[in-house]
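# Inside the fold
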Amino acid sequence: MVASGTLSDLGQGITVGDNVGISEYAYIGGAGGVRIGSDTIVGQYFSTHSENHVFSDPDNLIREQGVTRTGIEVGPDCWIGAKVTLLDGVTLGRGCVVAAGSVVNQSFPDYAIIAGVPARLLRMRDMSAASAEPTLPEDSND
Ligand SMILES: CC(C)(COP(=O)(O)OP(=O)(O)OC[C@H]1O[C@@H](n2cnc3c(N)ncnc32)[C@H](O)[C@@H]1OP(=O)(O)O)[C@@H](O)C(=O)NCCC(=O)NCCS
């Protein structure tokens, strides 16, 4: 886990809820903040990248153009398959399933089953239980 990319610009950090399982070889970059809700389980080679480099000016070096940070949130009771990558700004709601190898670059609501590069909605686990807005982790129990 890496809470910050540089000592001169401390990151937001990483918050992991109770009973979360993260398998081998994960890289969790917490510069923009990463929150993982309780009881979520994660396969091998998981990575999060909660920061993007600015590249708008082609006349200057990318490494000197700074970064943007929004943060990544994963709801409780999710199953994230092996080799999943979550990019900055993504929120996954409660009870989501993320297929192996997915690169997630947009947010999905509670109980979404998603797959692919970029990740797309396969279906909902239970349409009657799904809400339009993701249920974010509780501060006290995430
Ligand atoms: C997503 C998953 C759970 C299967 O869910 P499912 O609802 O049974 O899905 P299906 O097998 O019926 O496939 C549904 C569709 O999703 C696609 N799909 C399934 N897994 C996919 C993946 N990893 N990437 C891209 N597409 C995938 C299928 O090709 C199918 O597409 P189609 O409708 O166009 O034919 C499973 O494929 C998966 O990725 N499991 C993760 C396993 C893993 O990582 N284990 C180790 C860590 S715990």
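Keep in mind it's a predicted model, so treat the numbers as computed, not measured.

On to the site of the ligand, then. Near the ligand the following residues occur: G43, W79, G81, A82, A99, A100, A115, G116, L122 and R123. Taking A82, its main chain carries an N or O atom lying 2.7 Å from an oxygen atom of the ligand. In this structure, R123 approaches the ligand through a side-chain N or O atom, which is 2.7 Å from an oxygen atom. Coverage of the ligand by the protein amounts to 42% of the 910 Å² it exposes when considered alone.

So, about the sheet that holds strand β12 (residues 91-92). In space, the four strands of this open sheet follow the order β1-β4-β9-β12, with parallel pairing throughout. The sheet is open, and its two edges are formed by β1 (14-16) and β12, each paired on a single side. Where strand β4 (residues 34-36) and strand β9 (residues 72-74) come together, three bridges link them in parallel fashion. By the bridge assignment for β9, V34 is matched with I72.

What follows is about the pattern of salt bridges. Counted according to the given criterion, the structure contains three salt bridges. The salt bridge involving E73 is made with R35; its shortest N-O contact spans 3.1 Å. Within this pair, whereas E73 is found in strand β9, its partner R35 is found in strand β4, the two being separated by 38 residues in sequence. The pair formed by E73 and R35 is uniform in burial state, with each residue classed as buried. As a salt-bridge pair, E64 and R63 come within 3.8 Å of each other at their nearest N and O atoms.

The rules behind the values
- Residues numbered from 1 in each chain as written.
- Predicted model: local features only at pLDDT ≥ 70, side-chain atom pairs only at ≥ 80, totals over all residues.
- Heavy atoms only, no water.
- Near = heavy atom within 4 Å.
- Polar contact = N/O pair within 3.5 Å; in protein donor to acceptor, adjacent residues only side chain to side chain.
- Areas by Shrake-Rupley, 256 points an atom, 1.4 Å probe, with all protein chains shown as cover.
- Pairing = 2+ DSSP bridges.
- Helix = DSSP H or I, 4+ residues; strand = E, 2+ residues; numbered from the N terminus.
- Salt bridge = Lys/Arg side-chain N within 4 Å of Asp/Glu carboxyl O.
- Buried < 20%, exposed > 50% of the residue type's maximum accessible area, 1.4 Å probe, protein only.

Purely geometric stuff here, so don't read any function into it on its own.
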